[in-house]
Amino acid sequence: TFVALNAFGMAVCAVLCVLASHVKLANLALFLPYPVLCGFFSSVGLSIWMSSFKVDTGITVPHFWGSEHRLFSVMKHVPSIIAGIALYFLAPKSPVYLIGIIACTIALAYSTMMLTGTSLHEAQALGFFWEEKEVVMSSETHHDFPMHLWSHGVFKKISWDAFLNGVPDVIAMGLIYLIRCSLQAAALKRNLANYLRNKEAADTAASDGQPSFVVDKSVEEDKQPKRKPKDVLEVLMQFANTQFVTAITGGFAVIPSVGLSNTFVKIGSESRAPQLGACLLVLGCYLSNFRLIIFVPKCTFSSLLVMASIDLLTNWFIKSFRKTGSEWFVIPFIVLSGQMFGVLQSVALGVGISTMIFVSSFYRAGTVKFIANGLTIRSTIERHSEDNVWLDRNGDMIQTLVLQNYLFFGNATSVLKYISSMFDDIEVIDDSLLPPKPKYLVLDMSIVSGVDISAVDCFADVTSLCKTQGCKLLISGSSKMVRQALISGGVKPASHPHMSFVEDLEAALGMAEDGLLKFVGRNEERIQKNHLRGVHLRGMSQIDIGLRLALKQIDEQHNLSFATYLQGLAEYTTAMDLKAGEQLDLPRGLYFVESGMIKAEADTSASLTRGRQKLFATPVMGRSTDSIGQLTARSATVGRGQAALKNAPGIMSQFSHTFRLARVGPGFVIGCISEFTGQEIPGTFICMTESRVHYLPFETIEELEISKPTLIMHLYKLLAHLGARRQELTIGQLSTLRSIMSSSAPSKPISRKAMAHLSENFQP
C-alpha cells in the first residue's frame, strides 16, 4: 500500500513539473499573497517538528497529552531539540559544524550507554534506537512485498481504503513540492543575476590590481564560447522524467535541491558533491538492507528535522511579522487551521482572508482620482471671449470624475452614490448657494484597469439616472476591454442616446462645452444674428469696414491695441463669404475672422507622438490582461511596422483620428503658425455657421516687408502676442494634467448638500 501511494505521489509531482514547465505553473507562488505563503511554510515547519517528536517518542503530539509517560517522552526529545538548535546556529557557518554535531550526537549516545551500562538491545527497547524489525525486512517479507508495481498479484495486496485516506496528504505534499520549485525558480534567477554582478565586480577589481604587462585571463575566457545555463523550467522537466520512471517502477526518487531548510542551501548542499554523496549513502543503506540504521540513534535523524523546523518557523513565522504588519494574523490562522482541517483547506481559508484584506485595502485606495467641474478644468479649445466668460460663469453644469484602479462591487457603489447626490432636491434658504444640477457628466476611465459585472450594473444605474435628469453622459478614455464590458452590460449608446463613448478626456470636455454653449448658452444663435446684422450693415454702406471690425474684435478679445496701426491692411485683403458646412481651402496667408464660427481640426499624424495606430511599430498587448513578459522587443512584426513608417511617412494619416484644436470666431486669426514656420496651414477648417473672413496672401506680406515695413512690424507684433497666448493655454493644460495625476481626491467627495451648507456658512 505504501509503495503504491508513493508511486502515486511521484506521478503527481511529475505531472505538476510538466505543467510547471509547459504552462509556467512554476509562477504559481507569485500569485499567492505573501501571508499565505508564510502560513503555508510555517505550517510545514510545525508538521516537521511534530514528525521529529514522533521519531523520538513513537507517539504523535495529540496523543502525547493522554499518555502515561509524558516526562519520559519529553526527556527523549530534549537531545534532538538541543542538537537542532546547535545545528541552526552553527551549521550555516561551515559544513564542518554540521558533520561535527551529527557525530557528537552519535558519540554522546554511545558514551551515555557505556556510563549507564545500557546495551544496544535495551536502548532499542526504550525507544532511543530503531529495532531491527522496524527497518530491516526479512527475506520472506521482501519476497512477499516486491518494490515494483508490475509484479504478479501486487494490486490484490493493496489496501485501497488506506490508499484513499492517504491521497489528500500526498496531493498536499505535491503542491508543497510545486510551490517550493516555484520559489526556487524565482530565487535562482535572482541569485544568478547577483552572482554575475558580483563576479563582474570581482574580475574588474582583480584586473585593476594587475600590472599592465599581465594578460587578463577574463579576456581570454570571454573569447571562448560560453555554455548557456539551463533554464529552471528545463530542469523541472528533467525532474518530471525521473519521477515518471520512478512512479512506474514503484521506487523512490532522489531529486537534488528540494530541501525545505535554507541552512542546507547556505552550506552548499545543493552542489553536485553533497548530492552524489547522499545518493551513495542511500545506496549503501539499501545494499545493507538498511541494517546500518539500527546503530544510529533516533536523535541524530530527528535533530535534522528540528533544525529544518526552526529554520522554517523563524523565517516564515517570526521574521514575517515586521514585513506583513497587520496581515500577520493570517499566518497563525493558517497554522492552526492546518492542524485542525488539513493543509489544503487551511491554504484555501488563508487565500480567502487575504482576499478580503486586499479588497478592503483596495477600497481604501480610492476609486476617484480627480474631481472637477467646468469652472476648475477646461478643454484646450480656443473660444471667443464671450463664450469663455459664459463658461466661467456656468461651467459648473459640467461635472467631471477621473476614475482609477479596478472597479468592482465595493468601490463602484460609492461612485453611484456620489453621482446621485448631484441631482438631489434640497431645500435651502437661498437657491443661489446650491450648485446647479449638471447638464453634462464626464467619466474618464483612462486609468481604469478593468470592471466587474457589479460595477457595470452601477454604471447602468448612472446611465438611467442621467436620462431621467436630462443629463448627457460622456465616458472617455475607456480601454477596449472596459468598453466591451460596459456594452455587454447594457451601457451602450444604441440603447441610451443621451450617452456616448469619447476618445479621451480632452475631447469629452470639448464636447460638453460645445453642447453647453449651444443648447444652454445659445451661442450659435447669437453668432448667427451678429453675422446677419453685419450683412445688413454692409448692404446699407458703400464702404466695406469688415477688416476694421475684425481687428477691433481682436483687440477686444485679447486686450490689445493694434487695430489703429493695422487699418492699412484693408486694401491688401480679400473678403470671403462662407456657407455653413463649407470647408476652407487655405493657401498660405492670414485669415482675419469677422463673423461666424469655424471649427479647426487636426490629425494625430501631424504630431511627434503618433498615438494609436494599426501598424505594429512597437510591441502591442492585445488585451489589458496580457503580460509584458510575453512580448518580444525585437521581432519581425515590429520590424516590418517600423520599416513601413520609414518608407512611407504619410501612411500614419490613414490610421489617425482627428482632434479639435479650436472653435474660432470673431477676434481670431487663422494661419499664425504657418506665417512663422513657412509651412502650409495644418489641419482642416470647417464653417459651423455662415462666416466671413478676410484673406491676406503670404506673397503680399513679403512685398509689404519692403514697401511698408512699419505696417508689417505691427502685424508681426500682433501675431507674436497671439502665439504667446496660445502657448500660455498649452502650459495651463499641462498644469491641469499634472494636477489630475498628482491629486488625491477625498475618500468621501463633498455632496451637493454639503456644498450648499458650506456656501451658506461662508457667505460674506
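The preceding data block contains the structure.
Notes on the structure in this doc start here.

In this section: the packing of helix H2 (residues 34-57) against helix H4 (residues 70-90). It is the contact of H2 with H4, at a shortest axis distance of 9 Å, that shows an interaxial angle of 125 degrees. Viewed along their axes, H2 and H4 adopt a mutual orientation that is oblique. As H2 runs across H4, the sense of the crossing is right-handed. From H2, Trp 49, Ser 52, Phe 53, Asp 56 and Thr 57 reach across to H4, where they touch Ser 73, Lys 76, His 77, Ser 80 and Ile 81.

What follows deals with unusual backbone geometry. Positive phi outside glycine occurs at Asn 405, with the angle close to 65 degrees. Mapped onto the secondary structure, Asn 405 falls in strand E2 (residues 398-407). With a relative accessible area of 22%, Asn 405 lands in the partly exposed category.

For the rest of this paragraph, the subject is the sheet that holds E2. In spatial order, the strands read E1-E2-E3-E4-E5; together these five strands make up an open sheet with mixed pairing. Two strands lie at the open edges of the sheet, namely strand E1 (368-373) and strand E5 (499-502), each paired on one side alone. Mean inter-strand twist for the sheet, computed between neighbouring axes without regard to direction, equals 20 degrees. Looking at chain direction, strand E4 (residues 472-476) and E5 are connected through four bridges and run parallel. Counterpart to Leu 473 in the pairing with E5 is Met 499. Here helix H22 (residues 505-519) sits on the sheet in contact with E2, strand E3 (440-451), E4 and E5, set at roughly 165 degrees to E3.

This part covers the environment of Thr 564. Residue placement: Thr 564 occurs in the loop between helix H24 (546-558) and strand E6 (574-578). Sequence-wise, Thr 564 and Arg 548 are 16 residues apart; in three dimensions their C-alpha atoms are separated by 8.5 Å.

Core analysis: the biggest nonpolar cluster contains 32 residues, and Leu 401, Leu 403, Ile 419, Leu 441 and Leu 486 have the highest contact counts within it. The set of elements that each furnish at least two residues to this core consists of E2, helix H19 (411-421), E3, helix H20 (453-468), E4, helix H21 (480-488) and E5. With eight residues, H20 is the largest single contributor of residues to this core. If near-sequence neighbours (up to four positions away) are discounted, Leu 441 is found in contact with Gln 399, Ile 419, Met 422, Val 462, Cys 466, Cys 471, Lys 472, Leu 473 and Leu 474.

A few words on the pairing of E2. With eight of its 10 residues buried, E2 lies for the most part within the structure. Two strands pair when backbone bridges link them, and E1 and E2 are joined in this way by five bridges, in the antiparallel orientation. Counterpart to Val 368 in the pairing with E2 is Leu 403. As defined by bridge partners, E2 adjoins E3 across nine bridges and the pair is classed as parallel. Residue pairing in the sheet places Tyr 406 in a bridge with Gly 450 of E3.

This part takes up the packing of aromatic side chains. Enumeration according to the criterion identifies 12 aromatic pairs in this entry. A centroid spacing of 5.4 Å and a plane angle of 90 degrees characterise the contact between Phe 53 and Phe 64, whose relative ring orientation is edge-to-face. Of the two residues, Phe 53 sits in helix H2 while Phe 64 sits in helix H3 (residues 61-64), which places them 11 residues apart along the sequence. Relative to Phe 89, the ring of Tyr 88 has its centre 5.1 Å away and its plane inclined at 80 degrees; by these criteria the two rings are edge-to-face. Given a relative accessible area of 16%, Tyr 88 falls into the buried group. For Phe 89, a relative accessible area of 55% puts it in the exposed group.

The next point concerns the side chain of Lys 76. Among the structural elements, Lys 76 can be located in helix H4. Although Lys 76 is buried, it makes no salt bridge; Asp 56 carries the closest opposite charge, 8.2 Å away. At 3.4 Å, the side chain of Lys 76 forms a polar contact with the backbone oxygen of Leu 126. If sequence neighbours within four positions are ignored, Lys 76 has contacts with Asp 56, Thr 57, Leu 126, Gly 127 and Phe 128.

Now for the sheet that holds strand E10 (residues 669-670). Pairing between the strands of a sheet is mediated by backbone hydrogen bonds and can be parallel or antiparallel. Strand order in the open sheet formed by four strands is E6-E12-E7-E10, and the pairing between neighbours is antiparallel. The open sheet terminates on both sides in strands that have one partner only, identified here as E6 and E10. Lying over the sheet, H24 contacts strand E7 (589-595), E10 and strand E12 (691-697), oriented at roughly 90 degrees with respect to E7. Packed onto the sheet, helix H27 (residues 698-707) meets E7 and E12 and runs at close to 50 degrees relative to E12.

Moving on, we get to the pairing of E7. The element E7 is largely enclosed, with a buried count of seven among its seven residues. As paired strands, E7 and E12 are joined by six bridges and run antiparallel to one another. Bridge pairing in E12 places Gly 589 opposite Pro 697. Pairing of E7 with E10, which is carried by two bridges, proceeds in the antiparallel orientation. Paired with Phe 592 across the strands is Val 669, a residue of E10.

A few words now on the packing of H2 against helix H16 (residues 330-341). For the pair H2 and H16, the least separation of the axes is 8 Å and the interaxial angle reads 45 degrees. One finds that H2 runs oblique with respect to H16. Crossing hand, H2 versus H16: right-handed. Taken together, the residues of H16 that come into contact with H2 (itself represented by Pro 35, Val 36, Cys 38, Gly 39, Phe 40, Ser 42, Ser 43, Leu 46, Ser 47 and Met 50) are Val 330, Ile 331, Ile 334, Val 335, Gly 338 and Gln 339. Of the residues in the contact of H2 with H16, the class split is 10 nonpolar, six polar and no charged.

Analysis parameters
Residues numbered from 1 in each chain as written. Predicted model: local features only at pLDDT ≥ 70, side-chain atom pairs only at ≥ 80, totals over all residues. Heavy atoms only, no water. Axes fitted to C-alpha atoms, helices over the stretch in contact; angles between N-to-C directions. Helix = DSSP H or I, 4+ residues; strand = E, 2+ residues; numbered from the N terminus. Parallel < 35°, antiparallel > 145°, perpendicular 65-115°, else oblique. Left-handed = near helix turned anticlockwise from the far one by under 90°. Contact = heavy atoms within 4.5 Å. Buried < 20%, exposed > 50% of the residue type's maximum accessible area, 1.4 Å probe, protein only. Pairing = 2+ DSSP bridges. Core = buried A, V, L, I, M, F, W, Y, C linked by side-chain atoms within 4.5 Å. Phe/Tyr/Trp six-rings, centres within 6.5 Å; stacked < 30°, edge-to-face > 60°. Lys, Arg positive; Asp, Glu negative; His and termini not counted. Salt bridge = Lys/Arg side-chain N within 4 Å of Asp/Glu carboxyl O. Polar contact = N/O pair within 3.5 Å; in protein donor to acceptor, adjacent residues only side chain to side chain. Nonpolar A, V, L, I, M, F, W, Y, C, P; charged D, E, K, R; others polar.

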